[in-house]
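# Coordinate analysis (summary)
Each chain is listed here by its residues.
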Amino acid sequence: MLNIALLTYVAIMSVTPGPNNLMLAASGGNFGFRRTLPHLLGISIGHAVQVFLVGMFLAWIMAVLSSVRPILGVIGCAYLLWLSMQIWRAASPEGQQVARPMSFLAAAAFQWINPKAWVMVLNTVILFLPHGPANLGAVLSLALICALINLPCIAVWAWLGDALRHHLLVPKNLKLFNGIMASLLALTACYLLYGELIVLA
């Protein structure tokens, strides 16, 4: 099951910029690495569960996804825009009082409306699972491998945010950092939304 192509694909898809990684960098910068751990683990374990369920029920999920994927994509993009506003608000004194890191369950659930996560999971299952009926052992192994590769790759983003924390103690630096993270997340959402609207057209 473990091969270089699988390792490379999952690592590249995990470490490249996307909604999860931008949110982790923002969380690491605002709350530190330790408080970001539930968010981090929620992504990796949520990713593994998504790989497992898609691997076990690929034919059924593909049939359902063809009709609901654009809707999920639009919901996911709208949620990303909302999150970008929360990151932006975290730079203000009143925002600091209400802001808190994303929980484990929220991060795990987000994978189901994250367009990049769907692309990654579907490609992983289609490319790296044996053809034919779902094999529980093979699907479980793939899900576990994906989580183990994904976790250190995304942890880099939370660590980078955390590494900047001493610079972010200066309010104007924090405002600039959160503004950049919020803008990148909003641009990502708009780009993904454009892709979903093309599918709908």
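What counts and what doesn't
- Numbers given to residues run from 1 along each chain, matching the order in which its sequence is written.
- At least 70 in pLDDT is required for a residue's local features to be given in this predicted model, at least 80 for side-chain atom pairs to be given and counted, and no such filter applies to totals for whole chains, interfaces and linings, which use all residues.
- Excluding hydrogens and water, the side-chain figures rest on all heavy atoms present in the structure.
- For helices the rule is a DSSP run of H or I covering at least 4 residues; for strands it is a run of E covering at least 2, with both sets numbered from the N terminus onward.
- Our radius of gyration looks at C-alpha atoms and nothing else; its globule reference is 2.2 Å times the residue count to the power 0.38.
- Working definition: with a 1.4 Å probe on protein chains only, accessible area under 20% of the residue-type maximum means buried, over 50% means exposed, and in between means partly exposed.
- Only buried residues count toward a nonpolar core. Its members are Ala, Val, Leu, Ile, Met, Phe, Trp, Tyr and Cys residues joined through side-chain atoms within 4.5 Å.
- Working rule for contacts: check all heavy atoms of both residues, and any pair within 4.5 Å makes them a contact.
- UniProt positions are given in the numbering used here, feature names are shortened, and annotations may be inferred rather than shown by experiment.
- Here a pair means two rings of Phe, Tyr or Trp (six-membered ring of Trp) with centres within 6.5 Å. Their orientation is stacked below 30 degrees between planes, edge-to-face above 60, and tilted elsewhere.
- Each axis is a line fitted through C-alpha atoms, and for a helix only the stretch in contact is used; angles between axes span 0 to 180 degrees, taken between their N-to-C directions.
- Working rule for angles: under 35 degrees goes down as roughly parallel, over 145 as roughly antiparallel, 65 to 115 as roughly perpendicular, anything else as oblique.
- Just so you know the grouping, Ala, Val, Leu, Ile, Met, Phe, Trp, Tyr, Cys and Pro go in nonpolar, Asp, Glu, Lys and Arg go in charged, and all remaining residues, Gly too, go in polar.
- Nitrogen and oxygen atoms within 3.5 Å of one another constitute a polar contact, given that in protein one can donate a hydrogen and the other can accept it, and given that sequence-neighbouring residues count only through two side-chain atoms.
- For each structure, a 1 Å grid was placed over the protein atoms alone; sets of points admitting a 1.4 Å probe that cannot get out are labelled cavities, open sets with protein on both sides within 12 Å along at least five of seven lines are labelled pockets, and lining residues have an atom within 4 Å of a point.
- Grid points are joined across faces, edges and corners, and a volume is the space filled by probe spheres set on the points.

Turning to the overall build of the chain, a few remarks are in order. Within the chain, the regular secondary structure consists of nine helices and zero strands. Reading the secondary structure of the chain in the N-to-C direction produces α-α-α-α-α-α-α-α-α. Taken over the C-alpha trace, the chain has a radius of gyration of 17 Å; the compact-globule value for 201 residues is 17 Å, and the two agree within 12%. The principal-axis extent of the C-alpha atoms belonging to the chain is close to 55 × 40 × 25 Å. Looking at the chain as a whole, 47% of its 201 residues are labelled buried.

Let's shift gears to the nonpolar core. With 27 residues, the main nonpolar core has Met23, Leu24, Leu80, Leu83, Ile87, Met181 and Leu185 as its most contacted residues. Contributions of two or more residues to this core are made by α2 (19-31), α3 (33-56), α4 (58-89), α6 (104-110), α8 (136-163) and α9 (171-200). If one sorts the elements of this core by residue count, α9 sits on top with seven residues. Apart from the residues lying within four places of it in its own chain, the contact partners of Leu24 are Thr36, His39, Leu40, Ile43, Ile154, Trp157 and Ala158. Counting residues in each nonpolar core, the second largest holds 26 residues, with Ile61, Leu122, Val125 and Ala143 among its members.

Glancing now at the environment of Trp82. Looking at the secondary structure, you find Trp82 in helix α4. As for Trp82 and Ile113, which are separated by 31 residues in sequence, their C-alpha atoms are 13 Å apart.

Another point: the UniProt feature "transmembrane region" (unreviewed entry) in the chain. Listed under "transmembrane region" (unreviewed entry) in the UniProt record, and renumbered for this structure, are residues 41-64, 71-91, 103-129, 136-160 and 180-200. This span, residues 103-129, is 78% helix and 0% strand, and a straight line between its end C-alpha atoms measures 31 Å. Along residues 136-160 one finds 100% helix and 0% strand; the C-alpha atoms at either end are 37 Å apart.

Another aspect to go through is the packing of aromatic side chains. Tallied over the full model, the rule gives four aromatic pairs. Residues Tyr9 and Phe128 carry aromatic rings whose centres are separated by 6.2 Å and whose planes lie at 40 degrees to one another, so their mutual orientation is tilted. With Tyr9 in helix α1 (residues 4-15) and Phe128 in helix α7 (residues 115-128), this residue pair connects regions lying 119 residues apart in the sequence. Owing to a relative accessible area of 18%, Tyr9 belongs among the buried residues under this scheme.

Before going further, it helps to examine the packing of α1 against α7. As a packed pair, α1 and α7 sit with axes 11 Å apart at the nearest point and diverge in direction by 175 degrees. The pairing of α1 with α7 is recorded here as roughly antiparallel in orientation. Residue-level contacts link Ala5, Leu6, Tyr9, Val10, Met13 and Ser14 of α1 to Lys116, Val119, Met120, Asn123, Thr124 and Phe128 of α7. For the contact of α1 with α7, the class distribution of residues is eight nonpolar, three polar and one charged.

For the rest of this paragraph, the subject is the side chain of Ser14. Along the polypeptide, Ser14 turns up in helix α1. Residue Ser14 is classed as buried on the basis of its relative accessible area, which comes to 3%. Within the local environment of Ser14, its side chain forms a polar contact with the backbone oxygen of Val10, the two atoms lying 2.7 Å apart. Among all residues touching Ser14, those that are not within four sequence positions of it are Asn21, Met120, Asn150, Cys153 and Ile154.

A few words on the side chain of Thr36. With respect to the helices and strands, the residue Thr36 is situated in helix α3. Setting aside anything within four residues of it in sequence, one finds Thr36 in contact with Leu24, Ser27, Gly28, Phe31 and Ala158.

Our focus in this paragraph is empty space enclosed by the protein. Leftover empty space is mapped by rolling, across the atoms, a probe with the size of a water molecule. Summed over the entire model, instances satisfying the criterion amount to two cavities of 30 Å³ or more. Its boundaries defined by the atoms lining it, the largest cavity holds a volume of some 140 Å³. Considering the residues around the largest cavity, the lining is formed by 15 residues, among which Met13, Asn20, Gln111, Met120 and Asn150 are closest to the centre. Of the residues in the lining of the largest cavity, the class split is six nonpolar, eight polar and one charged.

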